[in-house]
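Each chain, written out:
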Amino acid sequence: MLSIEGLRVEVEGKEILKGLDLEVNAGEVHAIMGPNGSGKSTLAHVLAGREGYQISGGKLRYLGLDLQELEIEERAHAGIFLAMQYPVELPGVNNMIFLREALNAIRRARGEPEIDALGFMKQVRDKARELNLDEKLLKRSVNAGFSGGEKKRNEVLQMAMLAPKLAILDETDSGLDIDALRIVADGVNLLRSPERALILVTHYQRLLDYIQPDRVHVLAAGRIVRSGGRELALELEEKGYGWLSEEAAA
Amino acid sequence: MASPDAGVDRLIQAEYQQGFVTDIESDTLPPGLDEDVIRAISLRKQEPDWMLQKRLEAYRRWLLMSEPQWASLHHPPIDFQAISYFSSPKKGEGPKSLDEVDPELLATYEKLGIPLDEQKALAGVAVDAVFDSVSVATTFRQTLAEAGVIFCAMSEAVREYPELIQRYLGSVVPPQDNFFAALNGAVFSDGTFVYVPKGVRCPMELSTYFRINEANTGQFERTLIVAEEGSQVSYLEGCTAPMRDENQLHAAVVELVALDDATIKYSTVQNWYPGDSQGRGGIYNFVTKRGDCRGARSRISWTQVETGSAITWKYPSCILRGRDSVGEFYSVALTKGRQQADTGTKMIHIGENTRSTIVSKGISAMEGSNAYRGLVRIAGKAENARNHTQCDSLLIGDRCAAHTFPYIEVKNPTAQVEHEATTSKVSEDQLFYCRQRGLSQEDAVSMIINGFCKEVFKELPMEFAVEAQKLLAVSLEGAVG
């Protein structure tokens, strides 16, 4: 589904990703772990097409498409979803209407009919209940005045409604207490399916106690320095990142 | 704010969509202003002598005044002798029905999407269209007449309802009020008069469309709305203007009088030609709008969406004289290109338990400059007066400017006055977020702007709210690079 080869990315002249390779297939859950500053969020943003990142080398292929040729919203239409580390507030923009507009924009781009208002409402309420997201938040402005946990749950709600093919969760666990983490993880687990791939970008192992990855990758100094199964995450938990960074530097 | 950073070069370039000139022969006075010109205007309008005297008195006051300089606006000096003060489509008497209206005029309205037909009646809207300086069509007066509501051209009102006009005209905005009000008092061309009798709820929304069409012709509308005890009226004003190279001066005066328990709601969507991308052309809009809550428990509500004009100088105000009276001001002002707006309101609390609400939303893009200027005055006898002001500015790009000038004068210790102000930017983070969810950049900007303006839009009558949203979307096409 996603194939990254030798990806090099610069930000303001500084090379952040230095030849990154990654293969993700449909139905898989990958965890990208690594110390702060290793380039995890850069990778997430580059996949979503955010401006300000200079791709200086390598290939980014997604479902046979060259991602670099697609605008941000075109990637969304093609099924890429990024759950943000810091979801922004949109004052005055109703949460439910925002979600409906987004869903309809994606459906239009795919040549599908727009969703009818009643069906949408029912669906969104059901999903919100699953995520233990207070229905009142649906009527409020997008993320405005939401707590950290509410913002993250709102991201997962959007993800559930937009039903992406490739979902990238950027530090979705950061700032969550253990109960919120469990709710978010349950929501994500509901989205696991043979047609869908998930990339979890995280600093800590604990998210992986709740969402079991198929593959774990360690990103250090702009490259994937180690890949393995779930046991790699546990090893990292025990030993920290230091030994891998040293290995990468060597 | 005005950093030379060129990151926003691809900003808002939507061409003015209403730019065309109608070819109709006009009866236009040569440029210049003196007492003879005023006599000529009065004569052409077949006015009684008292009206002429009022005009001359205003003119003499105007001569003693000078143009205000305090606003945060910059423009070359206006040569008041270079302006023609009267222009009228050539036609003797006013038309009695639509059949008598010049077909070309009607075609112009069609182009503007203003249907002067039965459909409007079904939609519950009567239209009194001001084309240049003379009212050419007044519709649905029959329905209104049955309810006892007067809705007619000001020049007609001067002839037909002299007692009412003598009693109320200039009673809220006297000529000595300010330079532009004095000028208007001297040369006002035409406008609208609305009178809602005691206890009557006006059966339809009243609507006037303005259109400036003559090169070099100042426009000096005069509007007077009187709501008698216990009556209610909602008035909509919408404007467009054809593309022009010269700056066109517009100095209207609007007066509202609300007696005991009366309610007046006045809504404006203003989309006059803002000038080209170099700032050439465009309307200079110096307007005095004021409502007098004369009676107890009366209520006056101003809602405005200002997207046009090169210069906007406008402070729709409320004088809260009657006890328990309520004044409201809801405003969205958008400036882009070289547009400048200095706009806001005045809430003058005189009576006991008077309340006022101010919600002002300023949006600046490209090199637009937007100033909110508002006065809240609580007089000594205004026991328990309350005001809440919310003043938000939104910046798009980094070459625009937003200013806030709140003036608060409180002379009564029981007053409660609150002022909240915020300034924010349409951030790259917000746009990225929206686009990542599948929205186009334009839809994202439009959604963020509409969200920002929501509190004001919800005050507009439904059809106007839709129009206003469309207008903002059109104005901001390609807004952020």
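Residues numbered from 1 in each chain as written. Chains lettered and ligands numbered in written order. Predicted model: local features only at pLDDT ≥ 70, side-chain atom pairs only at ≥ 80, totals over all residues. Heavy atoms only, no water.

Let's talk about the interface of chain A and chain B
Turning to step 1, where the next piece is worked out: On the side of chain B, 18 residues touch chain A, which itself brings 33 residues to the contact.
Turning to step 2, where the next piece is worked out: When chain A packs against chain B, the two sides together hide about 2,100 Å² of surface, and 60% of this comes from carbon and sulfur.
Turning to step 3, where the next piece is worked out: Taken as a group, R50(A), E73(A) and V88(A) account for 25% of the area that chain A buries against chain B, more than any other trio of residues on that side.
Turning to step 4, where the next piece is worked out: Close ionic contact of E51(A) with R435(B) constitutes a salt bridge, the shortest N to O distance being 3.5 Å.
Turning to step 5, where the next piece is worked out: For the pair chain A and chain B, the interface holds 14 residue pairs in polar contact (both at pLDDT 80 or more).
Turning to step 6, where the next piece is worked out: Looking at the side of chain A that touches chain B, the elements with two or more residues in it are helix 1 (40-48), helix 2 (72-77), strand 6 (80-83), strand 7 (90-94), helix 3 (95-109) and helix 6 (148-162) of chain A.
Turning to step 7, where the next piece is worked out: Here the side of chain A that touches chain B gets six residues from one element, more than from any other, and that element is helix 3 of chain A.
Turning to step 8, where the next piece is worked out: Looking at the side of chain A that touches chain B residue by residue, the classes come out as 20 nonpolar, six polar and seven charged. (Contact = heavy atoms within 4.5 Å. Buried area = accessible area lost by both parts, 1.4 Å probe. Salt bridge = Lys/Arg side-chain N within 4 Å of Asp/Glu carboxyl O. Polar contact = N/O pair within 3.5 Å; in protein donor to acceptor, adjacent residues only side chain to side chain. Helix = DSSP H or I, 4+ residues; strand = E, 2+ residues; numbered from the N terminus. Nonpolar A, V, L, I, M, F, W, Y, C, P; charged D, E, K, R; others polar.)

As for the pairing of strand 3 (residues 29-33) of chain A
A regular strand places its side chains on the two faces of the sheet in alternate fashion.
Residue and element names in this part refer to chain A.
Turning to step 1, where the next piece is worked out: For strand 3, the tally of buried residues reaches five of five residues, placing the bulk of the element in the interior.
Turning to step 2, where the next piece is worked out: Side chains V29, A31 and M33 project from strand 3 onto one buried face, and the interleaved H30 and I32 project onto a second face that is buried too.
Turning to step 3, where the next piece is worked out: Pairing between strand 3 and strand 10 (residues 197-202): five bridges, direction parallel. When the bridges of strand 10 are listed, H30 appears paired with I199.
Turning to step 4, where the next piece is worked out: When strand 3 meets strand 11 (residues 215-220), the two strands line up parallel, connected through four bridges. By the bridge assignment, A31 is partnered in strand 11 with V216. (Buried < 20%, exposed > 50% of the residue type's maximum accessible area, 1.4 Å probe, protein only. Pairing = 2+ DSSP bridges.)

A few points about helix 7 (residues 178-190) of chain A
Turning to step 1, where the next piece is worked out: Look at helix 7 of chain A: 18 Å from first C-alpha to last across 13 residues, which is about the 18 Å you get at 1.5 Å a residue.
Turning to step 2, where the next piece is worked out: Those residues of helix 7 of chain A hidden inside the fold are in contact with helix 6, strand 9 (166-170), strand 10 and helix 8 (207-210) of chain A. (Expected span 1.5 Å × (residues − 1).)

Here we look at the confidence of the model for chain B
It should be kept in mind that the predicted coordinates are not to be read in detail where pLDDT is low.
All names here are of chain B.
Turning to step 1, where the next piece is worked out: Here chain B shows a mean pLDDT of 80. Residues at 70 or above account for 77%.
Turning to step 2, where the next piece is worked out: In the model of chain B, helix 4 (residues 118-122) stands out as the element of lowest mean pLDDT, 34, in contrast to strand 16 (residues 317-320), which has the highest, 97.
Turning to step 3, where the next piece is worked out: Counted against residues more than four places away or in other chains, residues 90-95, with its pLDDT under 50, gives nine contacts.
Turning to step 4, where the next piece is worked out: A low-confidence stretch, residues 130-138 stays under pLDDT 50, and its non-local contacts, those more than four residues away or across chains, total 53 contacts.
Turning to step 5, where the next piece is worked out: Both scores are available for the predicted complex, with the pTM at 0.79 and the ipTM at 0.95. (pLDDT = per-residue confidence, 0-100.)

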